Amino acid sequence: MKVLVIGGGAREHALCRSLSLDPDVTALHCAPGNAGIAEVAELHGVNALDGQAVAELAAGLEADLVVVGPEAPLVAGVADAVRDRGIPVFGPSAQAAQLEGSKAFAKDVMAAAAVPTARSYVCTTPEEIDAALDAFGAPYVVKDDGLAAGKGVVVTEDVEAARAHALACDRVVIEEFLDGPEVSLFAVTDGETVVPLQPAQDFKRAYDGDQGPNTGGMGAYSPLPWADPKLVDEVMATVLQPTVDELRRRGTPFSGLLYAGLAITSRGVRVIEFNARFGDPETQVVLARLKTPLAGLLHAAATGTLATFPPLRWSDGAAVTVVIASHNYPDTPRTGDPIDGLADVVAQDAPKAYVLHAGTKRDDSGAVLSAGGRVLSVTATGSDLTTARQRAYRAVGRISLDGSQHRTDIAAKVADEAAGA
């Protein structure tokens, strides 16, 4: 199988790494990729948002499967352009991707499918915003209706901060605050059959102790030893399958990766949001634990044959990923700084720990430089969360990036609790 992956972040590096280890993959390509992906795939300088250019590249490569990683190309219709050329593609249509592209659309689908979620108002005027904020009270949850690269949500006790964020959006969803821990659950679907992956938990706040601004994600772990063993079955029955069924009923079937961001509240499971693609950084830990070869699973979703795909196989161990971010992230990050220590991780920690590149590039001399806000995802596996965590942070300690930041408490609390139990 010849596979083309679209995107250039750590999620795409995780996908490419897993695909490169799949014996059925005979050629692996990525557009545009990054410095790390270049080590496992052939890179192509194609604009990921240009559907026709991506389709031309896929046709020219005689690709058997195209995997669209990020949300922006999906919402822009890149999967549609590839599908129109008769090439199997893993990723929903532009219409179905509105499940992530528009919070208001997602709320409408959830209402029709009786999916449990937070009560909410869609607001377009200052008067509507004030009424909604007043109706729910603190803590305020304000979501930009459109794509915002994981940073369009503000949760605050400060009504003026909430109002300012709402006013900065063209259309905004204001909703009740959901208490309880959050869980990310991915499911692969061909539009009818839904196959859940293992749940993960990510850490959105920039600093230790869940302090600081929201980010795209500063780390993640899987499995979740504290979660109810029936959680996946419950979410399948009440969230994932009804949503896929509703989108098919509307004539906009969703095939690809359906990501449910969940809150485990005192009143039961509630959907915080849907995404239409693999999440970053949760993908890094979920794929680290998946033993089933990836290409066949994604190809079955792309070709409508998931119903006959064998059950997924998982490692019994754990995985932890720690994000190394640039100076000043999540505000405008500093880029162009050299990254040292990557070879040391390969020499001393592989294969139990490895580095997935997010915002990186090579200069003319071949040195790896920072090129974005989130720069690297250092990922490790182990027999349990404590071991995986120790390996991840040992590898983090080998990497040098001037002014960089990372959280030191990823999976710490749950690892301690699991060890104590």
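Residues numbered from 1 in each chain as written. Predicted model: local features only at pLDDT ≥ 70, side-chain atom pairs only at ≥ 80, totals over all residues. Heavy atoms only, no water.

Visitor: Before we move on, can you summarise the pattern of salt bridges with the specific residues and values?
Guide: Enumeration according to the criterion identifies 25 salt bridges in this entry. Here Glu-175 and Lys-107 are joined by a salt bridge, their closest N and O atoms 3.0 Å apart. With Glu-175 in strand S9 (residues 172-175) and Lys-107 in helix H6 (residues 103-113), the pair connects residues that are 68 residues apart, well separated along the chain. Residue class for Glu-175 comes out buried when judged on its relative accessible area of 3%. Salt-bridge contacts for Arg-163 lead to Asp-130; the nearest nitrogen and oxygen are separated by 2.6 Å. Here Asp-130 lies in helix H7 (residues 126-136) and Arg-163 lies in helix H8 (residues 159-167), a separation of 33 residues in the sequence. For Asp-130, a relative accessible area of 34% translates into the label partly exposed. (Salt bridge = Lys/Arg side-chain N within 4 Å of Asp/Glu carboxyl O. Helix = DSSP H or I, 4+ residues; strand = E, 2+ residues; numbered from the N terminus. Buried < 20%, exposed > 50% of the residue type's maximum accessible area, 1.4 Å probe, protein only.)

Visitor: Pulling in residues and values, what's your account of the packing of aromatic side chains?
Guide: Under the criterion given, the structure shown has 5 aromatic pairs. When the ring of Phe-186 is compared with that of Tyr-259, the centres are 5.0 Å apart and the planes differ by 40°; the resulting orientation is tilted. Of this pair, Phe-186 sits in strand S10 (residues 182-189) while Tyr-259 sits in strand S16 (residues 256-265), and the two are 73 residues apart along the sequence. Tyr-259 carries the same exposure label as Phe-186, and that label is buried. Plain terms: the ring middles of Phe-186 and Phe-278 are 5.8 Å apart, the flat faces sit at 85° to each other, and that makes the pair edge-to-face. (Phe/Tyr/Trp six-rings, centres within 6.5 Å; stacked < 30°, edge-to-face > 60°.)

Visitor: Tell me about the sheet that holds strand S5 (residues 89-90), residues and numbers included.
Guide: Working definition: the strands of a sheet are paired by backbone hydrogen bonds and lie parallel or antiparallel to each other. Ordered by their spatial adjacency, 5 strands build an open sheet running S3-S2-S1-S4-S5, and the pairing between neighbours is parallel. Only two strands of the sheet have a single partner each, and these edge strands are strand S3 (42-43) and S5. The sheet contact formed by strand S4 (residues 65-68) and S5 spans 2 bridges and is parallel. Bridging across to S5, Val-67 finds its partner in Phe-90. In this fold helix H2 (residues 51-61) packs onto strand S1 (2-7), strand S2 (27-32) and S4, with an angle of close to 160° to the strand it touches most, S1. Relative to S4, helix H11 (residues 294-302) is tilted by about 90°, and along the sheet it contacts S4 and S5. (Pairing = 2+ DSSP bridges. Contact = heavy atoms within 4.5 Å. Axes fitted to C-alpha atoms, helices over the stretch in contact; angles between N-to-C directions.)

Visitor: With reference to specific residues and values, describe the pairing of strand S23 (residues 374-382).
Guide: For S23, the tally of buried residues reaches 9 of 9 residues, placing the bulk of the element in the interior. As paired elements, strand S18 (residues 318-325) and S23 share 8 bridges and run antiparallel to each other. Considered in S23, the bridge of Ala-319 is made with Thr-381.

Visitor: Before we move on, could you go through the pairing of S16 and cite the residues and values that matter?
Guide: Along S16, 9 of the 10 residues are buried, which leaves the element largely enclosed by surrounding structure. Pairing of S10 with S16 involves 8 bridges; the strand directions are antiparallel. When the bridges of S16 are listed, Val-183 appears paired with Leu-262. Bridge count for S16 against strand S17 (residues 268-275) is 7 bridges, and the pairing is antiparallel.

Visitor: Pulling in residues and values, what's your account of empty space enclosed by the protein?
Guide: Over the atoms rolls a probe the size of a water molecule, and its path tells where empty space is left. Counted by the stated rule, this structure contains 3 cavities of 30 Å³ or more. In this structure, the largest cavity is lined by Leu-99, Lys-103, Ala-106, Lys-107, Met-110, Lys-143, Val-173, Glu-175, Ile-272, Glu-273 and Phe-274. Counting residues per element, the ones that place at least two in the lining of the largest cavity are H6, S9 and S17. Grouping the constituent residues of the lining of the largest cavity by class yields 6 nonpolar, no polar and 5 charged. (1 Å grid on protein atoms, 1.4 Å probe; cavity = no way out; pocket = protein on both sides within 12 Å on 5 of 7 lines; lining within 4 Å. Points joined across faces, edges and corners; volume = space filled by probe spheres on them. Nonpolar A, V, L, I, M, F, W, Y, C, P; charged D, E, K, R; others polar.)

Visitor: Describe the sheet that holds strand S8 (residues 153-156), naming the residues involved and giving the relevant values.
Guide: If you walk across this open sheet you meet the 4 strands as S6-S9-S7-S8, and the pairing is antiparallel. For this open sheet the edge positions go to strand S6 (120-123) and S8, each flanked by a neighbour on one side alone. The mean angle between the axes of side-by-side strands here comes to 20°, regardless of whether they run parallel or antiparallel. Pairing analysis gives 4 bridges linking S6 to S9, with the strands arranged antiparallel. Bridging across to S9, Val-122 finds its partner in Val-173. Lying on the sheet, H7 is in contact with S6, strand S7 (140-144) and S9; it crosses S6 at an angle near 165°. Contacting S7, S8 and S9, H8 runs over the sheet at an angle of about 15° to S7.

Visitor: Before we move on, can you summarise unusual backbone geometry with the specific residues and values?
Guide: The omega torsion of the bond from Ser-222 to Pro-223 falls at 5°, within 30 degrees of zero and hence cis. Mapped onto the elements of the fold, Pro-223 is located in the loop between strand S15 (219-222) and helix H9 (231-249). For the bond running from Ala-350 to Pro-351, omega is 0°, close enough to zero to count as cis. With respect to the helices and strands, Pro-351 occurs in the loop between helix H12 (342-348) and strand S20 (353-357). With a phi close to 55°, Glu-62 is a non-glycine residue in the positive phi region.

Visitor: Please set out the environment of Asp-363 residue by residue, giving values where relevant.
Guide: With respect to the secondary-structure elements, Asp-363 resides in the loop between strand S21 (360-362) and strand S22 (368-370). The class for Asp-363 is partly exposed, based on a relative accessible area of 30%. For the pair Asp-363 and Ala-35, spaced 328 residues apart in the sequence, the C-alpha separation amounts to 9.7 Å. Here the side chain of Asp-363 touches Ala-367 through a polar contact of 2.9 Å, landing on its backbone nitrogen. (Polar contact = N/O pair within 3.5 Å; in protein donor to acceptor, adjacent residues only side chain to side chain.)

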